[in-house]
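Descriptive structure summary
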Amino acid sequence: MRNLHQYILLLFFALNHPGLSLGQLKNVALNKPVIASSTNPKHPTKNIVDGIISRTSKWESGNGKAPHTVEIDLQKYYHIAAIKVHTGILEEEKEYTEKNQADGFWSMKNFKVQYWDDANWTDFPKSEVHENRLVSVSFQYSPSITTFKIRLVCDDGEPINIMEIEVLGEEAKDMPPPPIVTQNTSPNISIKEAQEAHIVIKNNPIGKTLKYVGYNQGYYFPKSNVSKWIEYSNVNSVRVWTSLNSFVPENTVEIDSALHSLEEFEKRKAILRKDPENNPFIKWEQLLPLYDQPNYSSTNGMVFNYALDELKRLGTDVVLQIGSTDFKDNWSNKWKQWQRYYALAYYTAKRGNVFMFALQNEPNHRHSGPMKLEQWIMAMQIVSDAIHCAVEDVNKRYNKTLIPKLVGPVTAGQNTDWWAGVVKSIRTNYRGENINNDLLQIFSTHSYNSPAIGYKTRVNNIRNIIQSNHPEGKTLPIVFTEIGRWMNAYLIDKEETMDSPSLFTEWAGIYSYNMKNGAYGMWAFKFANTTSTTYIRGIKSGHHFTWQGKRIVEDAYNNIALNKPVKTSSSSTIAGFITDGDKTDKSTWISDIEKEKWIEIDLLKPYDIGGMAIYTGSSYGVYTGPDRVRNFKVQYFANGSWNDIPQLTLTNNKYTQVFEVLKTPIKTQKIRFISTDEGSIKVREIKVFEKGNSPSEDSNYNISGIQRTGQVVRLFAKGFKDERPLLETDASVLNDDFDHYTSFDSATNTYYVWLVQRGGFTYNLTIDLKDINIPQGNPVIAETVNDKHYGEVTHVWRVPSTQKLTIQLPAQTVMLLTIPKSSLISSQTLASSSAYVMSGMYQKHSFHNEKILKVQLDASQPNNNAVSYAYFDFDKTAAQNADLILLKVKGYTNKTTAPYRIHVYGIRTDKWNSKTLNWNNALLLDDTEALINSAAKEVFIAGEIAFTNKEETHYLDITNFAKKYTAQGFTFVFIRETRQLGDDEDKGYYVNISNQSDNKPELIYWIKNNKD
């Protein structure tokens, strides 16, 4: 088959290159010298040009450091007509576990091909690929290009492989022998020792920060805590998802197949605009009730009015994504669509102050049809007019000053033809007239699967395309309305999670590069791990954990399979691991390679079974892992035979953990698990629950925690949103993995410094603050995300007389420095009331005279749950006068294997009596489990603290929340809550926070020094 493809390719070239005969087109790279930036010795560079297209004869990079480069010396000048790059794994060579992975999982994702033009490396035309999913990628050149060296540059931030590079052409016989050129490919060298670097911050604006740091929405329902977490995230925009079919159904507007002319279209449009809320076309009486009802038409279930109201209250700008592909070139259709977009734009501008709107999501994606470019341009002409008219009419009626903006084309991936076509048409309206304004105000696309270095020139490249095709050579604000390090289809089969340093540091760098190049905004995909028809148990790429309709506290349910007898199909590992209550890797049953693997659990007596939890593969993936069991079924024994449980018969399972509440309970004494996956399988634990011993029937879409990538978003948004001045920040080292940027927020008179080290070594930094003239003694705080911290304040320094800070930036760390400009003096206040409470047999007891405040979670044992409270007398005046406010605690955990992370909530409240505080009357505490009602209006998310077994001081920056929420004082709650399915990793451990007089919880705050 490959020979046939090669013949067709050669024939195509021959037809398009009359000067070349079919026989003259040969692979001129065959067996030529190759050098690469790094090489795995097991897969050498010679395999790239050996003529063998197979995973058994591939080159593989020696590390994951981008950019990867491969250079082929052709040794003579050739006229190059085509290049074909083979990467990844051929379908016929895939192993069993690889067959269900997303297309292109092992292929290079982002690369370009260049040629040596006798002076520089120059890009081959149209030879840059982003988000590649193919095994073989072909490029054709007409006219041919003459060179003697080619180079492939790949920006993937992981090890890559190439099976073969074919270079088709003929010898340039009229050219002299090529000159000797010094090697251009620099090896990627891994540094491990600490390095010195000097940073100088200058009071010289060189650009702006992003205007928008946002999220794509998740669930948004009343009585949920979503608004609290959006507030905590610091983002200033959310992309809200709607569709015309659900939010403006066809039957709510006029549909007239007899409408055939522009004149009639304009006539009806004028009538509608004369009285937008009372006209013969839009049926508001049918539309308005829809917006107060729960809507589940997308993966982002919500009550629309609630979402609009909350985001408006938070001051968070909305990008309203309005899906529809129903655009036809007739006036009847145009009138229908104009009314529908107008209605939704008018309503949301009126109610929610919405002014940014987008059409069909990823119109060039196969799931959108795809739409044709001409169809989308026609849609742009109609929709741009509709949303501009709607917002203008709202402004006129309600004395608002909203500026309407159409955001588009929200394309998937790299699609330069689309981008060019859209921009060329940007000044032609639906009447066919050339106009003096752009139909599109914000240029948007989507991007995944690139590391930070992949964005080094991305925004500038898009800007060049816009300027080259705009009728007047102008540019537009450039945004990514969807962006992620990995799309979920790839992440779900990787060992990385959103908590992995290799991922969150790249994510931080993506912000850095896009800001450096003048991007206008980025909307992270996505806010939470919602479900979909493809990912029925949730996506892995959510920045927050959310309950997907039901709160599942698995550890609270009685596992009737615990320590029960187990039989298995093979005895190479201990069968008892499957029911020992330990789902870690050290307690894993691993099968032999027999065709059918089975596990039989004897419950010793009949039970009414209401649910099960099954853990397969390795434990590092909270959601999934590449070694999960993909196909299995569970059976129960009844009436002398084994019977399948339909809900637990899974094909192409995507998850390492499967929890099911059975719709129809079954009565049995024996359960059997069967898989026919090839090779050996891993099963860590199988739990069985009785009928009724399962999640509450109450609906729950709360956010239950944040991942480290979410903390990166929070810190970047804190310092680098709202188009603040970006100041010159020079470093003594040049390293693509080291980011250093400074902004200034005039509203708070504060500098922010963004420091990211993606490399595997520590930087010892000296930061020179002289040019921005920070007063001696002023505080500088560092909030840190790395393998030990989740965004808490890790350091509090004082500016020395030299105005030079000396700090350490550890390997794979993201750090935000906050540096107040005004001269400040500090004060402190200790908690005036403090106590902890416990559940179970201690629920009426008050622990108020203790030297420690205790935090503990054990959902299976109520007696082992502890929550701590600390109250501060800190009134509104004190809060408003402070420039910086930190919560300070000192504590440790008895856990030695990993940090013990807790939630910290703030509650606006009056003082309470520590002597009478107990579990039953504690503020906003659940009756039965360690859980705060974080949706309450007086609550705010203060942050998360990660304790180790070393007693240390920890801080949280609560400045903005204290200013917003304080009345006469507030309480902080220290609590370990269940974050997601199967979350029991801290069971048996606890945190002790010092409550002694000299180390009680404390507020440190800085106010302006009026003496200066």
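Residue numbers run consecutively from 1 along every chain, following the written order of its sequence. Reporting of local features is limited, given that this is a predicted model, to residues whose pLDDT is at least 70; pairs of side-chain atoms are given and counted only at 80 or more, and all residues count toward the totals for whole chains, interfaces and linings. Neither water nor hydrogens contribute to the side-chain values; these are computed over all heavy atoms in the structure.

Secondary structure elements follow DSSP: runs of H or I no shorter than four residues count as helices, runs of E no shorter than two count as strands, and numbering proceeds from the N terminus. The helix and strand tally for the protein stands at 15 helices and 48 strands. The C-alpha atoms of the protein give a radius of gyration of 31 Å, which matches the 31 Å a tight globule of 1012 residues would have. With respect to the three principal axes, the spread of C-alpha positions in the protein is 95 × 75 × 75 Å. Relative to its 1012 residues, the protein shows a buried fraction of 61%. Within the protein, residue pairs in contact and separated by at least 24 positions form 79% of the contacts whose partners lie at least 6 positions apart. Radius of gyration: C-alpha atoms only; globule rule: 2.2 Å multiplied by the number of residues to the exponent 0.38. For every residue, the accessible area obtained with a 1.4 Å probe (protein chains only) is divided by the maximum for its type, and the residue is called buried under 20%, exposed over 50%, and partly exposed between those limits. Should any heavy atoms of two residues lie within 4.5 Å, those residues are counted as being in contact.

Next up on the list: helix α4 (residues 262–274). Here α4 contains 13 residues, and its C-alpha end-to-end distance of 18 Å stays within 8% of the 18 Å for a straight helix at 1.5 Å per residue. Against α7 (331–352) and α8 (373–398) lie the buried residues of α4. In a helix, the anticipated span is given by 1.5 Å times the number of residues less one.

Moving on to the environment of Tyr623. Relative to the elements of secondary structure, Tyr623 occurs in the loop between β24 (597–616) and β25 (632–638). By relative accessible area, Tyr623 is classed as buried at 8%. Separated by 86 residues in the primary sequence, Tyr623 and Arg537 place their C-alpha atoms 8.5 Å from one another. Once you skip the residues sitting within four places of it in the chain, Tyr623 turns out to touch Asn529, Arg537, Gly538, Ile539, Lys540, Phe545, Gln548, Lys654, Tyr655, Thr656 and Gln657.

Salt-bridge detection follows one rule: a side-chain nitrogen of Lys or Arg within 4 Å of a carboxyl oxygen of Asp or Glu. For the coordinates displayed, the defined rule picks out 60 salt bridges. For Arg313, the salt bridge is made with Glu310, and the minimal N-O distance between the two is 2.8 Å. With Arg313 and Glu310 both in helix α6 (residues 304–314) and three residues apart, the pair spans about one turn of that helix. In this structure, Lys687 and Glu554 form a salt bridge, with 2.7 Å as the shortest nitrogen-oxygen distance. Separated by 133 residues along the polypeptide, Lys687 in strand β28 (residues 682–690) and Glu554 in the loop between β21 (544–546) and β22 (566–568) bring together distant segments of the chain. Here the two residues Lys687 and Glu554 agree in accessibility, since each one is buried. Within this structure, Glu266, Lys269, Asp385, Arg431 and Glu433 form a network of salt bridges that share partners.

Let's shift gears to the packing of aromatic side chains. By convention, a stacked pair of Phe, Tyr or Trp rings (six-membered ring in the case of Trp) has centres within 6.5 Å and planes under 30 degrees apart, an edge-to-face pair has planes over 60 apart, and any other such pair is tilted. This structure, assessed with the given rule, holds 60 aromatic pairs. Ring geometry for Trp116 and Trp121: centres 5.3 Å apart, planes at 70°, overall edge-to-face. Ring pairing ties together the aromatic residues Trp229, Tyr232, Phe872, Phe874, Phe940, Phe961, Tyr965, Phe970, Phe972 and Tyr1005, which thus form one cluster. Here, over-ring charges are defined by two tests on the NZ atom of lysine or the CZ atom of arginine: distance to the ring centre within 6 Å, and angle to the ring normal within 35 degrees. The positively charged end of Arg458 is found above the aromatic ring belonging to Tyr455, 4.5 Å away from the centroid.

The subject of this paragraph is the packing of α4 against α7. The geometry of α4 relative to α7 is characterised by a closest axis approach of 10 Å and an angle of 20° between their N-to-C directions. Comparing their axes, α7 and α4 come out roughly parallel. Where α4 crosses over α7, the handedness of that crossing is right-handed. Contact residues: Leu262, Phe265, Arg268, Lys269, Leu272 and Arg273 in α4; Trp331, Lys334, Trp335, Trp338, Gln339 and Tyr342 in α7. When grouped by side-chain class, the residues that make up the contact of α4 with α7 number seven nonpolar, one polar and four charged. Orientation is described by lines fitted to C-alpha atoms, with helices fitted over the stretch in contact, and by angles between N-to-C directions that extend from 0 to 180 degrees. In this scheme, roughly parallel covers angles under 35 degrees and roughly antiparallel covers those over 145, while 65 to 115 is roughly perpendicular and the rest are oblique. A clockwise turn of the near helix away from the far one marks a right-handed crossing, whereas an anticlockwise turn of less than a right angle marks a left-handed crossing. Each residue gets one of three labels, nonpolar for Ala, Val, Leu, Ile, Met, Phe, Trp, Tyr, Cys and Pro, charged for Asp, Glu, Lys and Arg, and polar for the others, Gly among them.

Another aspect to go through is the nonpolar core. By convention a nonpolar core is built from buried Ala, Val, Leu, Ile, Met, Phe, Trp, Tyr and Cys residues, the set being connected through side-chain atoms within 4.5 Å. Within the largest apolar cluster, 181 residues are counted, with the highest numbers of intra-cluster contacts made by Trp754, Tyr869, Ile958, Phe972 and Phe974. Sorting elements by how many residues they give to this core places α8 first, with 14 residues. Excluding residues that lie within four positions of it along the chain, Phe974 makes contacts with Val855, Val867, Ser868, Ala870, Leu887, Val889, Ile902, His903, Val904 and Ile993.

On to the side chain of Gln856. Mapping Gln856 onto the fold places it in strand β40 (residues 852–856). Its relative accessible area of 8% is what places Gln856 among the buried residues.

This part takes up the side chain of Ser61. Within the secondary structure layout, Ser61 lies in the loop between β3 (59–60) and β4 (68–86). A 3.5 Å cut-off defines polar contacts: any pair of N or O atoms within that distance qualifies, except that in protein one atom must be a possible hydrogen donor and the other a possible acceptor, and neighbouring residues in sequence count only when both atoms are side-chain atoms. From its side chain, Ser61 meets the backbone oxygen of Asn63 in a polar contact 2.9 Å long. Once residues lying within four places of it in the same chain are set aside, the contact partners of Ser61 are Ser38, Thr39, Asn40, His68, Pro159 and Ile160.

Here we come to the environment of Ile574. When you line up the elements, Ile574 lands in the loop between β22 and β23 (589–590). Classification of Ile574 as exposed rests on a relative accessible area of 54%. Linking Ile574 and Ile590, residues 16 residues apart in sequence, is a C-alpha distance of 8.5 Å.

This brings us to the sheet that holds strand β16 (residues 356–358). Within a sheet, adjacent strands bond to each other through the backbone by hydrogen bonds, running parallel or antiparallel. Pairing in this closed barrel of eight strands is parallel, and the strands run β11-β12-β15-β16-β17-β18-β19-β20 around the ring. In this sheet, neighbouring strand axes are inclined to one another by 25° on average, regardless of whether the strands run parallel or antiparallel. Two strands make a pair as long as DSSP finds a minimum of two bridges between them. Here strand β15 (residues 317–323) runs beside β16; their pairing, made up of three bridges, is parallel. Residue pairing in the sheet places Leu320 in a bridge with Phe357 of β16. Across the sheet, helix α10 (residues 458–469) touches β18 (442–447) and β19 (478–483), and the angle it forms with β19 is around 125°.

Another aspect to go through is the pairing of strand β37 (residues 813–820). As a general feature of sheets, a regular strand has side chains that alternate between the two faces. With eight of eight residues buried, β37 lies mostly within the body of the structure. Covered by surrounding structure in β37 are Thr813, Met815, Leu817 and Ile819 together with Val814, Leu816, Thr818 and Pro820, the residues of both alternating faces. Bridge count between strand β32 (residues 750–757) and β37: eight bridges; the pairing is antiparallel. Counted as the bridge partner of Val756 is Val814 from β37.

Packing of α4 against α8 leaves a shortest axis separation of 11 Å and a crossing angle of 25°. Of the possible angle classes, the one that applies to α4 and α8 is roughly parallel. Every pair of crossing elements has a handedness; the one defined by α4 and α8 is right-handed. Packed against α4, whose contacting residues are Phe265, Lys269 and Arg273, the element α8 presents Ile382, Asp385, Cys389, Glu392 and Asp393 at the interface. Split by residue class, the contact of α4 with α8 holds three nonpolar, no polar and five charged.

Glancing now at the pairing of strand β5 (residues 111–116). Here β5 lies mainly inside the structure; five of its six residues are buried. Pairing between β5 and strand β6 (residues 121–129): five bridges, direction antiparallel. Pairing of Tyr115 across the sheet is with Thr122, part of β6. The antiparallel pairing of β5 with β6 creates a hairpin that spans four residues between the two strands, and Asp118 there sits at a positive phi of about 80°. Across five bridges, β5 lies against strand β7 (residues 136–154) in antiparallel orientation. Counted as the bridge partner of Tyr115 is Ile150 from β7.

Quick look at the confidence of the model for the protein now. Residue-level pLDDT values for the protein average 94, and 97% of them are 70 or greater. For residues 1–9, every residue scores under 50 in pLDDT, and the model assigns this stretch nine contacts once sequence neighbours within four places are set aside. The predictor attaches a confidence to each residue, and that confidence, scored 0 to 100, is pLDDT.

With that out of the way, let us pick up unusual backbone geometry. With an omega of 0°, the peptide bond running from Ala66 to Pro67 counts as cis. The residue Pro67 is located in the loop between β3 and β4 in this model. Of the consecutive residues Gly369 and Pro370, the connecting peptide bond is found in the cis state with omega at -10°. Position of Pro370 among the secondary structure elements: in the loop between β16 and α8.

With that settled, the discussion passes to the environment of Phe940. Summarising the element assignment, Phe940 is placed in strand β44 (residues 939–947). Residue classification places Phe940 among the buried positions, given a relative accessible area of 0%. The spatial distance from the C-alpha of Phe940 to the C-alpha of Lys964 is 9.6 Å, given a sequence separation of 24 residues. If we ignore the near neighbours within four places in the chain, the residues touching Phe940 are Glu231, Tyr905, Gly906, Ile907, Phe961, Tyr965 and Phe972.

An α-helical turn contains 3.6 residues, so any two residues separated by three or four positions project in the same direction. The buried count for helix α2 (residues 226–233) comes to eight of eight residues, which makes it a mostly enclosed element. Taken residue by residue, α2 has Val226, Ser227, Lys228, Trp229, Ile230, Glu231, Tyr232 and Ser233 as its buried positions. Note on α2: the residue one or two positions beyond its end, Asn234, has a positive phi of about 70°.

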